[in-house]
Amino acid sequence: MKEDLLQTGDLSLILKYPTDTDTGEYSCIVYNMEGNILRCKTVELKVKGQYEDTVCQVEVDSGAKSVQLPFKTTADLPEDITVEWRDRNYRKVHVYQNGSDRPEEQDEFYRDRTEMKEDLLQTGDLSLILKHPTDTDTGEYSCIVYNMEGNILRCKTVELKVKGQYEDTVCQVEVDSGAKSVQLPFKTTADLPEDVRVEWTDRDDRKVHVYQNGSDRPEEQDEFYRDRTEMKEDLLQTGDLSLILKYPTDTDTGTYSCTVYNREEKHPEMENSGAQSQRTALTDLKEQFRLYRDQTEMKEDLLQTGDLSLILKHPTDRDTGTYSCIVYNREGNILMIKQVKLKVKGQYEDTRENQGQKQAPLIKLL
């Protein structure tokens, strides 16, 4: 920064050697000893480079020998990096650490099905080979690269679509509010085992209906759907796993997923959305930046519901920007990551230098 910034008022920041990993929003906040904010400004930086397009889609036919999830980056990675590929359910697809693969950390579903380049540190090619892909592998895969301190160095998401027997599993259903019921269709083969478990969930991962070992499980159902759902009694014989939702209202609008699995492992048969939300949270108010002191709130039962949304009270235009939430365990392993981009429209939204604008009571970051 400039040495004479107090005299000139020039608080500009010089960032040296920018790369595509520096792309994003940067905020400058000026406050006095009492913690009162005097100035605030946000600058959005985009570094155009060879690898700036970090989200891509890959398609492959079911039955193919393998498919590559591409991720090529610069070749200046340190030797002590950890590379983790995870699927949409946050299962570890492949782990590379300190110069070698770590199959013992890999989820059993992907055991002996993945491969990475041996010279990845020299080439910067972090692509993943997934062997024998099927339609159950369809979804988003994330690759996260971090160092020993846990700092994220690289991150990329690849959306994989495996075209197979059940690839046409996304459909849209419309119904008028006030109707007695609506059917969410799902017909599959009639060769399901008797110990099969069927779970219908909504976009918030709440359990809409659960069927297991020949009967419904209303005790596992979310209260919001209690006494409002129904499935066919002969579903094992017919393969008709459709769900009847009674008395639908506009609050029921959204994506519903049905997952079928046996005692050994999950086998998703149908999902009405290609991507699932990743949710994380602030948990220690002592670590909270003073700008947000007494302005945030989370659900008390978040561990039970999985709802890690953040309530931001009295938002102003200075709150505009991208918010990231990271969930990790005691060992420091990242479990989930999500980013939410918030725009608060106000009188001073271009510079965010004043605090007198009209405030909304609260806003929810999902």
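Residues numbered from 1 in each chain as written. Predicted model: local features only at pLDDT ≥ 70, side-chain atom pairs only at ≥ 80, totals over all residues. Heavy atoms only, no water.

A. Molecular detail of the packing of aromatic side chains. All told, the structure shown has three aromatic pairs when counted by the stated rule. Relative to Tyr225, the ring of Phe224 has its centre 5.0 Å away and its plane inclined at 85 degrees; by these criteria the two rings are edge-to-face. Note on Tyr225: relative accessible area 1%, which makes it buried. Ring centres of Tyr225 and Tyr256 lie 6.5 Å apart, and the angle between their planes is 80 degrees; on these two criteria the pair is classed as edge-to-face. Of the two residues, Tyr225 is situated in the loop between β15 (215–216) and β16 (229–231) and Tyr256 in the loop between β17 (243–246) and β18 (257–261); the sequence distance between them amounts to 31 residues. Here Tyr225 and Tyr256 have matching classes, each one buried. The ring of Phe109 has Arg113 sitting right over it, with the charged end atom 5.3 Å from the ring centre. (Phe/Tyr/Trp six-rings, centres within 6.5 Å; stacked < 30°, edge-to-face > 60°. Buried < 20%, exposed > 50% of the residue type's maximum accessible area, 1.4 Å probe, protein only. Helix = DSSP H or I, 4+ residues; strand = E, 2+ residues; numbered from the N terminus. Lys NZ or Arg CZ within 6 Å of the ring centre and 35° of its normal.)

B. Geometry of the pairing of strand β9 (residues 128–131). Here four bridges tie strand β4 (residues 66–69) to β9, and the two strands are oriented antiparallel to one another. Within the sheet, the bridge partner assigned to Ser66 lies in β9 and is Lys131. As defined by bridge partners, strand β8 (residues 114–116) adjoins β9 across three bridges and the pair is classed as antiparallel. Residue pairing for β9: Glu115 is matched across the bridge by Ile129. (Pairing = 2+ DSSP bridges.)

C. Layout of the nonpolar core. Formed by 26 residues in total, the largest nonpolar core has its most connected members in Val83, Trp85, Met116, Tyr141 and Leu160. Of all the secondary structure elements, the ones that give two or more residues to this core are β3 (55–61), β4, β5 (82–86), β6 (92–97), α2 (120–123), β9, β10 (139–146) and β11 (152–163). Beyond its immediate sequence surroundings of up to four residues, Tyr141 is in contact with Leu69, Trp85, Arg86, Asp87, Val93, Tyr110, Leu130, Lys156, Thr157, Val158 and Leu160. In terms of nonpolar packing, the next biggest core, distinct from the first, is built from 19 residues, Val182, Trp200, Tyr225 and Val260 among them. (Core = buried A, V, L, I, M, F, W, Y, C linked by side-chain atoms within 4.5 Å. Contact = heavy atoms within 4.5 Å.)

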